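Here are the chains, one letter per residue:
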Amino acid sequence: MAKKIPLQKLSRILKPAQISQDPQDLDIYGRDWTDLYQPHPSAILFPETTKQVQGIVQWALKNKVALVPSGGRTGLSAGAFALHGEVVVSLAKMNKVLHFDATEPSVQVQAGVITENLQNFAASKGFYYPVDFASRGSSQIGGNIATNAGGIKVLRYGMTRQWVTGLQVVTGNGDILDLNKGLIKNASGYDLRHLFIGSEGTLGIITEATIALCPPPRDLQVVVLGLSSLEMIMTVFEKIRDVAQLTAYEMWTDAAQRCSREQLGYADPFKQSMPFYVLFEYEKQGPENDEKILDLIERLSSQGVIQDAVLSQNSQQDRAFWKLREDLTEATSHRPCYKNDVSVRVSQVPQFLVTIDQMIKKDYPDFSVVWFGHIGDGNLHINILQPESMDVKTFLKRCHGVDKALFKAIEDFGGSISAEHGVGLVKKPYLKHSRSKAEISAMKALKAIFDPGGILNPGKIF
Ligand code: MLT
Ligand code: ZN
C-alpha cells in the first residue's frame, strides 16, 4: 500500500469538511468496541451519497489505498479497526430514511441509520423492526448487515440477514450493485445479497438497504429465574418453550451478576445470589396461557429445578430486568476483556456447557470468567477479564492458551468460533476450526472477484 495517501485527489469528490485528519477523529473512527488494539488510521472520510462512496473506492483502487468501512463502531471482533494507516470510510453521514412502503411493509434506508432510529421509525408507522441489542443507540444498519448482527430476539425473529430484502453496495471494483431490490421471490440465479451480509466490509461497502418490517408483538412478559446448575438451563428451556411463545431466552452467571452489582450498582433480582440466572420473555396469549406458564414455574420450583423466580410487574421492571442482561458488556468493561462469542447447535448446548465449564475450571482457575449469552440460540459469550496483576501481553498469551482448547472443543461439536460478533482480527487465527480449507479458499476467491485490488478491509476475516 502507498505510504503517502494522496488525499488532495479526493477534492473532486468530497468537500473539505468530509475529510478529517483531526487526531480526535482518528482515534474515535479508527476503532470499534474491541479494547485490545490501538488504532492508526491515516484519515477519516464522511461520504454523503453512494456516488461519493463509489468515487472514494475508485480513488483508492487507483492509488492503492486500503479502506476500512465503518458504521457505529460497536463491533467486538476488531472488524472496523484501522491499524496500519488505512483510510476509514464512515457511513455516519448517510443516515436518511429514504422510502417507506406500508403494503409490504418495508423501509429503505441509508447505511448510517442508527438501529434505534430504524426501530422508532417502524413503530411510528405501526410496525416493528425486531433485530435488537444493547448497542441499538449507536450501531448502524450498514454495520449490522456487514456483520449479520444477532442480539436478544434471534430466537423468535432471526438474525439481521432475515430482514434484508434489498441491498446496495459499492464493490472493491467500484461497481454499484443493487441486489434483490426488495423482492420476496427472486429465483434468478445466485443471491449475491447474502454474500455481502456478514462479509465485514471485505467485499463491498454497504450504502443502502431495504429492510422488511413486521407487526409489533402483543404484550410481552419478562421473567427472571435463579438456577443452581448449568444443566438446568436447557432443561427449563425445553419445558418453557413448550408452553410459552418465547421471544428471548438469555442466561448469565453469578460472576456476571457480581459485575453488574459492583460496576453498575444493579440490585440482584433475588434475596440471595444464584449460581445461574435466566431471563425469558414471552408474548402473552391470554390468561389461560399465562396460568399454564405460572403452573409450570411452580412445578419446576417444587421439583428443585428452579431455585427462585420473579415476574416483572410493569414496563419499568421489564427494563430493569433486561438491563441485568443487556448491560453486561458495560459491566465487564472496567478491565480489558477477551471475548468469545461461540455457538453450537441448540441440541448440543447442555453437553457443550459442561465440557467448557470443566475445561475452564481445570486449566484457568486464576481467571475471572464471566459467562452470558443467548443460550436459546445456542450462543454463549465467554468473557475473560484481565486480572489486575497481569499485563496485557501475558493476559493475551494466556487467553490464546484458552482459545486452543476452546476452539478445538467447538470444532468437535461442529460449532462456530463466532456466532454473532464476526471474525474481524480477533477470531481470524481460529477460522479453520469452523470452516473447511475448501470453504476458506472459496471465500478468498470471492474476495478476489469483488475486491481484486485488495483495498477493502484488508487483513480482516482471513
Ligand atoms: C451481548 O450479547 O450482550 C452482545 O453480544 C455484546 C457482548 O457480548 O458483549
Ligand atoms: Zn450477544
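Coordinates for the structure precede this section.
The model shown is predicted, which means the values in this text are computed figures rather than measured ones.

Caption draft 1: Looking closely at the pattern of salt bridges. Evaluation of the coordinates by the stated rule reveals 19 salt bridges. The partner of arginine 193 in a salt bridge is aspartate 191, with the nearest N and O atoms 2.5 Å apart. You can call aspartate 191 partly exposed: its relative accessible area is 31%. Two residues, arginine 335 and glutamate 388, come together in a salt bridge whose shortest N-O distance is 3.9 Å. Of the two residues, arginine 335 is situated in the loop between α11 (328-331) and β14 (337-343) and glutamate 388 in the loop between β16 (379-385) and α13 (392-413); the sequence distance between them amounts to 53 residues. Look at the salt bridges and you will find they share partners, linking Asp132, Arg136, Arg319 and Glu326 into a network.

Caption draft 2: Molecular detail of the sheet that holds strand β10 (residues 220-227). In spatial order, the strands read β13-β10-β12-β11-β15-β16-β14; together these seven strands make up an open sheet with antiparallel pairing. If you trace the sheet from one side to the other, it starts and ends with β13 (306-311) and β14, each paired once. If you compare each strand with its neighbour and ignore which way they point, the axes differ by 15° on average. Pairing of strand β11 (residues 246-253) with strand β15 (residues 368-374), which is carried by two bridges, proceeds in the antiparallel orientation. The residue of β15 that forms the bridge with methionine 251 is glycine 373. Strands β11, β12 (276-283), β15 and β16 of the sheet are contacted by helix α8 (residues 254-264), whose axis makes an angle of about 85° with β11. Set on the sheet, α13 makes contact with β14 and β16; between it and β14 the angle comes to about 5°.

Caption draft 3: Spotlight on the packing of aromatic side chains. The full count for this structure, using the stated rule, is 16 aromatic pairs. Measuring from centroid to centroid gives 6.2 Å for phenylalanine 100 and phenylalanine 127, while their planes differ by 50°, and the two rings are tilted. Placement of the pair is phenylalanine 100 in strand β5 (residues 97-101) and phenylalanine 127 in the loop between α3 (115-124) and α4 (141-146), with a sequence separation of 27 residues. Take phenylalanine 100: its relative accessible area is 23%, and that puts it in the partly exposed class. Through pairs of rings, three or more aromatic residues link up here, namely Phe237, Tyr249, Phe280 and Tyr282. Of note, lysine 93 hangs over the ring of phenylalanine 46, and the distance from its end group to the ring centre comes to 4.4 Å.

Caption draft 4: Structural context of the sheet that holds strand β9 (residues 204-212). With antiparallel pairing, the five strands of this open sheet are ordered in space as β5-β6-β9-β7-β8. Edge positions in the sheet fall to β5 and β8 (176-179), since each of these pairs with one other strand and no more. Direction aside, the axes of adjacent strands within the sheet are offset by 15° on average. Taken together, the four bridges between β5 and strand β6 (residues 106-110) define a ladder with antiparallel strand orientation. Residue pairing for β6: valine 97 is matched across the bridge by valine 109.

Caption draft 5: Local environment of the coordination of the zinc ion (ligand 2). Taken together, the protein donors to the zinc ion (ligand 2) comprise His374 (NE2), His381 (NE2) and Glu420 (OE), at separations of 1.9 to 2.1 Å. As a motif over one chain, the donors of the zinc ion (ligand 2) read H-x6-H-x38-E. Of the two residues, histidine 374 is situated in strand β15 and glutamate 420 in the loop between α13 and α14 (437-450); the sequence distance between them amounts to 46 residues. The exposure classification of histidine 374 matches that of glutamate 420, with both residues buried.

Rules used in this analysis
- Residues numbered from 1 in each chain as written.
- Chains lettered and ligands numbered in written order.
- Predicted model: local features only at pLDDT ≥ 70, side-chain atom pairs only at ≥ 80, totals over all residues.
- Heavy atoms only, no water.
- Salt bridge = Lys/Arg side-chain N within 4 Å of Asp/Glu carboxyl O.
- Buried < 20%, exposed > 50% of the residue type's maximum accessible area, 1.4 Å probe, protein only.
- Helix = DSSP H or I, 4+ residues; strand = E, 2+ residues; numbered from the N terminus.
- Pairing = 2+ DSSP bridges.
- Axes fitted to C-alpha atoms, helices over the stretch in contact; angles between N-to-C directions.
- Contact = heavy atoms within 4.5 Å.
- Phe/Tyr/Trp six-rings, centres within 6.5 Å; stacked < 30°, edge-to-face > 60°.
- Lys NZ or Arg CZ within 6 Å of the ring centre and 35° of its normal.
- Donors = N, O, S within 2.8 Å, 3.2 Å for Na, K, Ca; no water.

Keep in mind that these numbers describe shape and distance, not what the molecule does.
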